[in-house]
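An overview of the molecular structure
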Amino acid sequence: MRLGALHTAALLSFFVACHRTEKAAEPTAQTPSPSPAVGTVEQRLAVARSVRVNTAILGVEPGDGLNSAHQKLDQFGKFATPPKQDRETEREGENKILWELDKTDFRAVLIKTDEHDRITSVTAYLREDKMKPFNQIGDTKVAPVVSDTQVAWDIVRPERPHLRLVASGKDGKAAVIKVFIVKRARSQTLDPD
């Protein structure tokens, strides 16, 4: 078995273990609440520009460079995957890097980067006893998606990419927080500018 395949197998087994917690936290029959998602594009854009949500996880957020992530995350745990993986197992130009953490509320952080080593996605897995209430992550009153198992926000800031933050878990607390760059065709962008 090649070294790249071993790393991929280790990463897959980690995700299977992480998703066992997520499976238990999958949405129940509860319907998401009415939200700003039913407003006009202009209303949704105004909310996305003004929403108060922290998009950084341990100081790392989409749009940052990979070196910045190493500087911030290496101090909290061990770097569990190599910076470059076998191209057969990943999307073209995408790189996945996992940190297993032991000094934070997060047990692991998975970062995806593009072909230029720019971070496109940060996914953080909280320790079970450190799950975070959705309303401590952001203003749930203006979130376009809200239920007891998931909340999501669109975030539009000047000079930054359009982001989406999704927190999922159970009983209104996040077990997983993911923030990522929204990639859309120019004709489908939320921000017409």
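Our structure is the block above this text.
Residues numbered from 1 in each chain as written. Predicted model: local features only at pLDDT ≥ 70, side-chain atom pairs only at ≥ 80, totals over all residues. Heavy atoms only, no water.

**Details of the pattern of salt bridges**
The test is simple: Salt-bridge detection follows one rule: a side-chain nitrogen of Lys or Arg within 4 Å of a carboxyl oxygen of Asp or Glu. Strands are runs of DSSP state E lasting at least two residues, helices are runs of H or I lasting at least four, and both sets are numbered from the N terminus onward. Using a 1.4 Å probe on the protein chains alone, a residue whose accessible area is under 20% of its type maximum counts as buried, one over 50% counts as exposed, and one in between counts as partly exposed.
Applying the stated criterion to the full structure yields four salt bridges. R160 is the partner of E61 in a salt bridge, and the nearest nitrogen-oxygen pair spans 3.8 Å. Highlighted residues: E61 in the loop between α2 (41-50) and α3 (66-73) and R160 in the loop between β7 (150-155) and β8 (163-170), separated in sequence by 99 residues. For the salt bridge of E100 with K78, the shortest nitrogen-to-oxygen distance reads 3.6 Å. Within this pair, whereas E100 is found in strand β2 (residues 95-101), its partner K78 is found in strand β1 (residues 77-79), the two being separated by 22 residues in sequence. Residue K78 is classed as exposed on the basis of its relative accessible area, which comes to 53%.

**Looking at the pairing of strand β4 (residues 119-126)**
Threshold: Strand pairing follows a simple DSSP-based rule, namely that at least 2 bridges must link the two strands.
The element β4 is largely enclosed, with a buried count of eight among its eight residues. Bridge analysis of strand β3 (residues 106-113) against β4 gives seven bridges, and the strand direction is antiparallel. When the sheet's bridge partners are listed, F106 is paired in β4 with L126. In this sheet, strand β9 (residues 173-181) lies alongside β4 in antiparallel orientation, the contact comprising five bridges. Pairing of S121 across the sheet is with F180, part of β9.

**Overview of the nonpolar core**
Nonpolar side chains in soluble globular proteins tend to be buried together. Rule in force here: We define the nonpolar core as a collection of buried residues of types Ala, Val, Leu, Ile, Met, Phe, Trp, Tyr and Cys that are connected through side-chain atoms lying within 4.5 Å of one another.
Formed by 31 residues in total, the largest nonpolar core has its most connected members in V109, I111, W153 and L165. Of all the secondary-structure elements, those providing two or more residues to this core are α3, β2, β3, β4, α4 (134-137), β7, β8 and β9. The next biggest cluster of nonpolar side chains, apart from the first, holds seven residues, and it includes A108, Y125, M131 and A175.

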